[in-house]
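Architecture and fold: a report
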Amino acid sequence: MLFTSIGDVLLLPSFRQRKLVRDLLESGKIGQDYLVAGWVDTIRIHGNIIFIIVRDRSSKMQIVVKKNVSEEAWKTAREISPEYVIAVKGKLVESKAALGGREIVATKVWIISESDALPIDIRDYTKTSLSKRLDWRFLDTRNPRNYLIFRVKAIMAEAARRWFIDNDFTEIFTSKIVGAATEGGAEVFSIIYFDKPAFLAQSPQLYKQMGVICGFEKVFEIGPVFRAEPHHTTRHLTEYTSVDFEMGYIDGYDDVMDVVESVVVSMIKEAIKKHKHEVEEYFPNALLDLPKSIPRITIREAYMLLKNANVSIEWGDDLSSESERKLGEIIEKEYGSPMVFVTEYPWQVRPFYTMRKEDEPFWTYSFDFLVRGLEVATGGQREHRYELLLKQVEEKGLNPRNFEWYLRMFRYGAPPHGGAGIGLERVVMQFLGVSNIREVRLLPRDPERLYP
RNA sequence: GCCGCGGUAGUAUAGCCCGGCCUAGUAUGCGGGCCUGUCAAGCCCGUGACCCGGGUUCAAAUCCCGGCCGCGGCGCCA
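Worth saying up front: this structure is predicted, and the values here are computed from it rather than measured. One numbering rule holds for all chains: residues counted from 1, following each sequence as written. Each chain takes a letter, starting from A, and each ligand takes a number, starting from 1, following the order in which they are written. Note on the predicted model: pLDDT of at least 70 is required for a residue's local features to be given, and 80 or more for side-chain atom pairs to be given and counted; whole-chain, interface and lining totals, by contrast, use all residues. Here the side-chain values reflect all heavy atoms present in the structure, with hydrogen atoms and water set aside.

1. A word on the overall build of chain A
Going by this rule: Starting at the N terminus, helices and strands are each numbered in turn, a helix being any DSSP run of H or I of at least four residues and a strand any DSSP run of E of at least two. Residue burial is assigned from relative accessible area. The probe radius is 1.4 Å, only protein chains are included, and a residue is buried under 20% of its type maximum, exposed over 50%, and partly exposed in between. Whether two residues touch is decided by their heavy atoms; if any such pair falls within 4.5 Å, the residues are in contact. Computed by Shrake-Rupley with a 1.4 Å probe, the accessible areas treat only the displayed protein chains as cover when residues are assessed. Here Asp and Glu are counted as negative and Lys and Arg as positive; His is not counted, and neither are the chain ends. To locate a charge, the coordinates of NZ of Lys, CZ of Arg, CG of Asp or CD of Glu are taken.
Within chain A, the regular secondary structure consists of 12 helices and 18 strands. Once the C-alpha set of chain A is aligned to its principal axes, its extents read approximately 85 × 55 × 40 Å. Sorting the 452 residues of chain A into buried and exposed places 51% on the buried side. Across chain A, contacts joining residues at least 24 apart in sequence account for 66% of those joining residues at least 6 apart. Accessible surface, chain A: about 22000 Å² in total, of which carbon and sulfur atoms supply 50%. The distance from the centre of the 62 positive side-chain charges to the centre of the 65 negative ones in chain A is 7 Å.

Take a look at the structure:
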């Protein structure tokens, strides 16, 4: 029996009277009648008494259906299986045995929507492989732990946006369909734009610089970026959310690092403030202790630290993922910080718009920001002097003609500026201490996965 | 892109190295039964699988080849 109905009129309760179970557990009046609705988490049938754990977006709560209280409710409850959507009306009572110390004694039960037998175990998500869980993502996220990931992610994105707005940055929304690859690389997705070749933006880099030169001075954007690199790792996605900002009138790239530090710390603080207990419960490896200060070391210092730790690395190399992990450990031990800025990367491993060091052009005014040994942000000061910028485009083997619209901006008054891109999923991942970035993306895209 | 590991009921796994004792084991799920205080309820009964194609062999889940799919490491990156 799917609906209780008379003719075509469904005898369903009005959800306007619905209460969230957390509210009832925390502040419901004992002895009063309430209506709750949600998914059936578990159901235990003991003959004439039935226990239902109902779950809504706020929490879980026990419902007791007794034959001698309402035979009709009891009969309906016997038909219920996990993940049915139900509504229950009944009296809130205290119960030492129930979770939360309270339960509802049902006088009426409605089956609102049935569920097939579940293809995955959602109560214990570890019993199912991540790949299968992603195939059934809409069920996977009904597990409170997995749902929490996305609430934390939303809080962190909100905190970042808040920070920028409070600090007088203007939010911009740049195009994700672009006519030329941002940095000349091959790692972009090609699309057909009517009859023209086009690409999905792999970064808002050039546009956010434009934002500065537009006269906005300080801009930010939180949006999708696309990378066509066929990575097979636990820390890459082909589509992710980038928290990007760019600011004019800076004295140097330390100003940019100050912002990155402030934003990321604010993201983590807000997540802890809102969800500390749940994060502790579900993510034992979460990063709940923030460092007093975050060290900033040059890549030359990093080379030395790594050499002393017997990691083979050459002067002028980029840091490999192994080096970054190792460096994270060393910094944690020596400075007591799970985070570190590594600065002044060699010009040869940085994009053309990076500003080179004035006296030693081998190095640049750039940085990576590592959290627990993983790169979560990259940034630096940009070259704003037209002649030098043009030279750098050529030096990187790029065709200036493809960047004409970009280059000409620098002939009409461009202040010294810099910025960074922060990988939202990577911040969430490192904060919660999860091992696969796909976990923190609702619908991850990787070289193989295109559905759902 | 390079390298490595893997594909057995709805889910997770054992078996594979050393072919036959596999009528493919276990857990969980699912269906049914008993049960008025459970809480991953319990007990009983039932249900359900060797990725696809080719080969070797008296005999293939097991060995070989090809394909498809999944996972991870590296490179590169956020």
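2. Description of the packing of helix α7 (residues 253-282) against helix α12 (residues 424-432)
Note the cut-off: Convention adopted: a line fitted to C-alpha atoms gives each axis, helices being fitted over their contacting stretch, and angles between N-to-C directions are expressed from 0 to 180 degrees. Convention used here: angles under 35 degrees read as roughly parallel, angles over 145 as roughly antiparallel, angles from 65 to 115 as roughly perpendicular, and any remaining angle as oblique. Rotating anticlockwise by less than a right angle from the far helix to the near helix defines a left-handed crossing, while the corresponding clockwise rotation defines a right-handed one. Ten residue types, Ala, Val, Leu, Ile, Met, Phe, Trp, Tyr, Cys and Pro, are classed as nonpolar, four, Asp, Glu, Lys and Arg, as charged, and the remainder, Gly among them, as polar.
Contact geometry of α7 with α12 gives a least axis separation of 11 Å together with a crossing angle of 45°. Judged by the angle between their axes, α7 and α12 are oblique. The hand of the α7/α12 crossing is right-handed. Two secondary-structure elements touch here, α7 through Val264, Met267, Ile268, Ala271, Ile272 and Val279 and α12 through Leu424, Val427, Phe431 and Leu432. Class assignment of the residues belonging to the contact of α7 with α12 gives a composition of 10 nonpolar, no polar and no charged.

3. Notes on the protein's contact with RNA strand B
Definition in use: We call a residue near a molecule or strand when any one of its heavy atoms sits within 4 Å of it. Counted as a polar contact is a pair of N or O atoms within 3.5 Å, where, for protein atoms, one must be capable of donating a hydrogen and the other of accepting one, and residues adjacent in sequence contribute only when both atoms are in side chains.
In the vicinity of RNA strand B there are 50 residues, among which Arg44, Lys66, Lys132, Val376 and Arg426 approach most closely. Restricting attention to atoms of RNA strand B within 4 Å of the protein, one finds that 46% of them are sugar or phosphate atoms. Glu375 is positioned with one of its backbone polar atoms (N or O) 2.6 Å from a sugar or linking oxygen of RNA strand B. Of all the secondary structure elements, the ones that give two or more residues to the surface near RNA strand B are β3 (33-46), β4 (49-55), β5 (60-66), α3 (130-135), α9 (321-335), β17 (374-382) and β18 (417-423). Its residues assigned to classes, the surface near RNA strand B comprises 14 nonpolar, 21 polar and 15 charged.

4. Notes on the layout of surface pockets
Here is the rule: Space inside and on the surface of the protein is sampled on a 1 Å grid over the protein atoms alone, with a cavity defined as a set of points where a 1.4 Å probe fits but cannot get out and a pocket as an open set with protein on both sides within 12 Å along at least 5 of 7 lines; lining residues have an atom within 4 Å of a point. Grid points are joined across faces, edges and corners, and a volume is the space filled by probe spheres set on the points.
Its volume calculated, the second largest pocket comes out at about 440 Å³. If you trace the second largest pocket, you find 19 residues lining it, with Arg55, Asp56, Ser59, Pro144 and Tyr147 closest to the centre. Put simply, the parts of the chain that give the lining of the second largest pocket at least two residues each are α5 (144-166) and α7. Among the elements that make up the lining of the second largest pocket, the one with the highest residue count is α7 (four residues). When grouped by side-chain class, the residues that make up the lining of the second largest pocket number six nonpolar, four polar and nine charged.

5. Some details on the packing of aromatic side chains
Applied cut-off: Within 6.5 Å between ring centres, the rings of Phe, Tyr and Trp (the latter by its six-membered ring) count as paired, and their orientation is classed by plane angle as stacked under 30 degrees, edge-to-face over 60, tilted in between. Think of it as a cone above the ring: NZ of Lys or CZ of Arg counts as a charge over the ring if it is within 6 Å of the ring centre and within 35 degrees of the ring normal.
For the coordinates displayed, the defined rule picks out 21 aromatic pairs. Between Phe352 and Tyr406, the aromatic rings sit 5.9 Å apart at their centres with planes inclined by 90°, giving edge-to-face as the arrangement. Of this pair, Phe352 sits in the loop between β15 (339-343) and β16 (366-371) while Tyr406 is found in helix α11 (residues 404-407), placing the two residues 54 residues apart along the sequence. In terms of burial, Phe352 and Tyr406 fall into one category: buried. Judged by centre distance (5.0 Å) and plane angle (65°), the ring pair of Tyr406 and Phe410 falls under edge-to-face. An aromatic cluster is built from Tyr207, Phe352, Tyr353, Phe403, Trp405, Tyr406 and Phe410, whose rings are joined through pairwise contacts. Lying over the aromatic face of Trp74, Lys67 brings its terminal NZ or CZ to 4.6 Å of the ring centre.

6. Topic: the pattern of salt bridges
The criterion, for reference: Take a side-chain nitrogen of Lys or Arg and a carboxyl oxygen of Asp or Glu: if they are within 4 Å of each other, that pair is a salt bridge.
Enumeration according to the criterion identifies 38 salt bridges in this entry. Note that Arg151 is salt-bridged to Glu278, the shortest N-O span being 2.9 Å. Here Arg151 is found in helix α5, whereas its partner Glu278 is found in helix α7, with 127 residues between them in sequence. Judged by relative accessible area, which is 21%, Arg151 ranks as partly exposed. One salt bridge in this structure joins Arg441 and Glu239, with 3.8 Å as the shortest N-O distance. Of this pair, Arg441 sits in the segment after α12 while Glu239 sits in strand β13 (residues 239-248), and the two are 202 residues apart along the sequence. A relative accessible area of 13% places Arg441 in the buried class. One continuous salt-bridge network, built from bridges that share partners, spans Asp41, Arg55, Lys60, Glu83 and Arg142.

7. Notes on α7
How we decide: A helix is expected to span 1.5 Å multiplied by its residue count minus one. To get the bend at a given residue, fit one axis to the seven residues ending there, fit another to the seven starting there, and take the angle between those axes.
With 30 residues, α7 extends only 37 Å from end C-alpha to end C-alpha; this falls clearly short of the ideal 44 Å at 1.5 Å per step. In α7, a bend of some 90° at His275 exceeds every other bend along the element.

8. A look at helix α6 (residues 205-216)
The end-to-end C-alpha distance of α6, which contains 12 residues, comes to 15 Å, matching closely the 16 Å that a straight helix rising 1.5 Å per residue would cover. Among the residues of α6, those classed as buried are Gln205, Leu206, Lys208, Gln209, Gly211, Val212 and Ile213. In the core, the buried residues of α6 are packed alongside β12 (218-226), β13, β17, α11 and β18. Looking at the residues trailing α6, positive phi occurs at Glu217, about 65°.

9. Points about the sheet that holds strand β10 (residues 190-193)
We count it as follows: Strand pairing is assigned whenever DSSP detects at least two bridges linking the two strands.
If you walk across this open sheet you meet the three strands as β9-β11-β10, and the pairing is antiparallel. The sheet is open, and its two borders are formed by β9 (177-178) and β10, each paired with just one other strand. Where β9 lies against strand β11 (residues 196-200), two bridges are found, and the strand directions are antiparallel. In the sheet register, Ile177 faces β11, and the bridge partner there is Leu200.

10. Re the sheet that holds β17
Pairing is mixed in the open sheet, where eight strands are placed in the order β8-β12-β13-β18-β17-β16-β15-β14. Of all the strands in the sheet, the pair left with one neighbour each is β8 (170-171) and β14 (296-298). Alignment of β12 against β13, held across nine bridges, turns out to be antiparallel. Directly across from Ile222, in β13, lies its bridge partner Val243. Where helix α8 (residues 299-308) meets the sheet, its contacts fall on β14 and β15, and the angle it forms with β14 comes to roughly 85°.

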